[in-house]
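Each chain, written out:
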Amino acid sequence: MDRDEEVALLGRTASSKLKSRVKLAATGCALGIFAVLATVWFLALGGFFQFDAARWVEITEDPIVSPVDRRAPVNFLALGDWGRHGLYNQSLVASQMGKIGDALEINFVVSVGDNFYKNGLTGVDDIAFDESFSRIYTAPALQKPWHAVLGNHDYHGDVFSQLDPRLGLRDWRWHCVRDAQLIFDMSPSLFRGDVDSRVSTVELFFIDTVPFIDQYWAPNQKHDFDWRDILPRHRHLQQKLENLTSALNASTASWKIVVGHHTIRSYGAHGDSVELVRQLLPILEGNNVDVYVNGHDHCLEHVKRDDSPIHFITSGGGSKAWKGISPPQNSNGLQFYYDGQGFVSFSVAKSWLQIVYYNIYGEAVHKVRLTK
């Protein structure tokens, strides 16, 4: 990676000591993108499942630096901790997602877990699915596939209901599995008819982080967790990590993005997940992962520490927020922190990746630009 440009446009920072520098730039008009072909692989304990999605082809690699970037071949939004029947500004966040999604012409939405509060779904017929999802995210731009991971609150209910394909019959957008791999090809060679060449790809690796957290397994745990298909725990986690390691190692993607619910590095109310720091982080660092995206802390946050090449992106502001921040003297690597509701957009091209944070007014409050 040649350089990382990080721009804080406006918003709340962690302390008076954390003042973001503003760098604004803009270039040229936007060109469209052309859909050709794609393959989505879902990673399960025993192997992969495949179905058709969309492969996007890059027309130009000349970057645009504005928050709304139509030139990127792959654009998506990331949102977490949202399902509250429209309350706690969930509907306002959804409205702004529709506007930014339309401007970006997004390909899909990523949900980083805690999809339905407070206790997940009771079954595939639970009305909460309509009241917290289908009737909330109604904007035309959001009528795209939603790829979701599970959060701890989702495990308080019938976890199988969110994984059940029958939910897709109620709302075709919904796709949720425990672990998955999503591949988008951006290779210009596709214009020459070489549809098998993956010269430039972005790959997203989804992992269910809930079973890693020790406190959820404690005998005095006050919440019930639906651990069906997880036991024995040690074997499940071992297989999960082996599958992820194998998939990351085999990947030749230009950009590798891992998605999970729990934080790895965070200065929000929950802080670091020590189990993931110990078990997951070495795998990500050892396989050239660029970005880890999570929720769990109800905020918008960007952490980039000197001791890790990974950018840690928290997008947990889908509804209830204002949870606070850790003492600023402990803020090693904290680049940005917004203690409120909002969401994040990703624009990905072969040689650059841009991440923009938005508040409930649709204002860009922080930007991260990575190049290779």
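Please read these numbers as outputs of a predicted model, since none were measured by experiment. (Residues numbered from 1 in each chain as written. Predicted model: local features only at pLDDT ≥ 70, side-chain atom pairs only at ≥ 80, totals over all residues. Heavy atoms only, no water.)

**Student:** So what about the overall build of the protein chain? Which residues, and what values?
**Tutor:** Tallying secondary structure elements over the protein chain gives seven helices and 19 strands in all. Looking at the protein chain as a whole, 60% of its 372 residues qualify as buried. Relative to all contacts within the protein chain whose residues are 6 or more apart in sequence, the contacts with residues 24 or more apart total 73%. (Helix = DSSP H or I, 4+ residues; strand = E, 2+ residues; numbered from the N terminus. Buried < 20%, exposed > 50% of the residue type's maximum accessible area, 1.4 Å probe, protein only. Contact = heavy atoms within 4.5 Å.)

**Student:** Would you mind going over the pairing of strand β18 (residues 352–359) in detail, with residue names and values included?
**Tutor:** In terms of burial, β18 is largely enclosed, as eight of its eight residues are buried. Side chains of β18 alternate between two faces, with W352, Q354, V356 and Y358 and L353, I355, Y357 and N359 buried alike. Relative to β18, strand β17 (residues 342–348) is paired through seven bridges, and the arrangement is antiparallel. Its bridge partner being in β18, G342 is matched across the sheet by N359. Between the end of β17 and the start of β18, which pair antiparallel, lie three residues. Two strands pair when backbone bridges link them, and β18 and strand β19 (residues 364–371) are joined in this way by seven bridges, in the antiparallel orientation. Bridge pairing in β19 places V356 opposite K367. Between β18 and β19, which pair antiparallel and follow one another directly, the connecting turn spans four residues, one of which, G362, has a positive phi of 80°. (Pairing = 2+ DSSP bridges.)

**Student:** Describe the UniProt feature "binding site: Fe cation 2" (unreviewed entry) in the protein chain, listing the residues and the values that go with them.
**Tutor:** Annotation from UniProt places "binding site: Fe cation 2" (unreviewed entry) at D114, N152, H261 and H296. Judged by maximum C-alpha separation, these annotated positions cover 183 residues in sequence but sit close together in space, the widest gap being only 8.5 Å. By the secondary structure assignment, H261 is in the loop between β12 (255–259) and α6 (274–279). Secondary-structure assignment places H296 in the loop between β13 (291–294) and β14 (300–303). Overall, H296 belongs to the buried group, its relative accessible area being 7%. Excluding its chain neighbours within four sequence positions, the residues that come into contact with H296 are D81, N152, Y216, H261, H262, T263 and H270. (UniProt positions renumbered as here; feature names shortened; annotations may be inferred.)

**Student:** Hey, could you go over the pairing of strand β6 (residues 74–79) for me, with residue numbers and the actual values?
**Tutor:** The element β6 is extensively covered by neighbouring structure, given that six of its six residues are classed as buried. Here β6 shows two buried faces, one formed by V74, F76 and A78 and the other by N75, L77 and L79. Where β6 meets β17, five bridges bridge the pair, whose relative direction is antiparallel. Following the sheet pairing, A78 is matched in β17 by V344. Relative to strand β7 (residues 108–111), β6 runs parallel, the two sharing four bridges.

**Student:** So, the environment of L87: which residues are in play, and what are the values?
**Tutor:** Summarising the element assignment, L87 is placed in the loop between β6 and α1 (90–104). In sequence terms L87 and S132 are 45 residues apart; their C-alpha atoms lie 9.0 Å from each other.

**Student:** How would you summarise the pattern of salt bridges if you had to cite specific residues and measurements?
**Tutor:** When their charged atoms lie close together, side chains carrying opposite charge are able to pair. The tally for this structure, following the rule as stated, stands at 11 salt bridges. For the salt bridge of R173 with D171, the shortest nitrogen-to-oxygen distance reads 2.8 Å. Residue R173 is classed as buried on the basis of its relative accessible area of 1%. For R265, the salt bridge is made with D272, and the minimal N-O distance between the two is 2.9 Å. It is possible to trace a salt-bridge network through shared partners that takes in D158, D226 and R228. (Salt bridge = Lys/Arg side-chain N within 4 Å of Asp/Glu carboxyl O.)

**Student:** Describe the nonpolar core, listing the residues and the values that go with them.
**Tutor:** Counting residues in hydrophobic clusters, the biggest one holds 38 residues, and the most contacted among them are M97, Y137 and W174. Taken together, the elements giving at least two residues each to this core come down to β6, α1, α2 (128–134), β8 (146–148), β9 (174–176) and β18. The element contributing the most residues to this core is α1, with five residues. Core analysis: the second largest hydrophobic core is formed by 32 residues, L182, I257, L300 and Y357 among them. (Core = buried A, V, L, I, M, F, W, Y, C linked by side-chain atoms within 4.5 Å.)

**Student:** Describe unusual backbone geometry, with residues and values.
**Tutor:** Following Y117, the chain continues to K118 via a peptide bond in cis, the omega torsion being -10°. Its place among the elements puts K118 in the loop between β7 and α2. Of note, the amide linkage connecting L231 to P232 takes the cis form, showing an omega dihedral of -10°. On the secondary structure map, P232 appears in the loop between β11 (201–206) and α5 (233–250). If you check the backbone angles, D229 has positive phi at about 70° while not being a glycine. Mapped onto the secondary structure, D229 falls in the loop between β11 and α5.

**Student:** Talk me through α1; I want residue IDs and the actual numbers.
**Tutor:** Counted at 1.5 Å a residue, the expected span for α1 with its 15 residues is 21 Å, and the 21 Å between its end C-alpha atoms agrees. For α1, the full list of buried residues reads Q90, V93, A94, Q96, M97, G98, I100, G101, A103 and L104. Each element contacted by the buried residues of α1 is listed here: β6, β7, α2, β8, β17 and β18. (Expected span 1.5 Å × (residues − 1).)

**Student:** Tell me about the confidence of the model for the protein chain, and please be specific about residues and values.
**Tutor:** Averaged over all residues, the pLDDT of the protein chain is 82; the fraction at 70 or higher stands at 76%. Note on residues 1–67: pLDDT under 50 across the span, and 192 contacts to partners over four residues away in sequence or across chains. Here residues 189–198 scores under 50 on pLDDT; set against residues more than four positions off or in separate chains, the count is 19 contacts. (pLDDT = per-residue confidence, 0-100.)

**Student:** Break down α5 for me, citing the residues and quoting the values.
**Tutor:** Between the first and last C-alpha of α5 there are 26 Å, a value that for 18 residues agrees with the 26 Å anticipated at 1.5 Å per step. Among all positions in α5, only H236, L237, K240, L241, N243, L244, A247 and L248 are buried. End-on view of α5: buried residues confined to an arc of 160°, all on one side of the axis. Across α5 from its buried face, at more than 90 degrees, point the exposed residues H234, R235, N249 and A250. (Arc of directions from axis to C-beta.)

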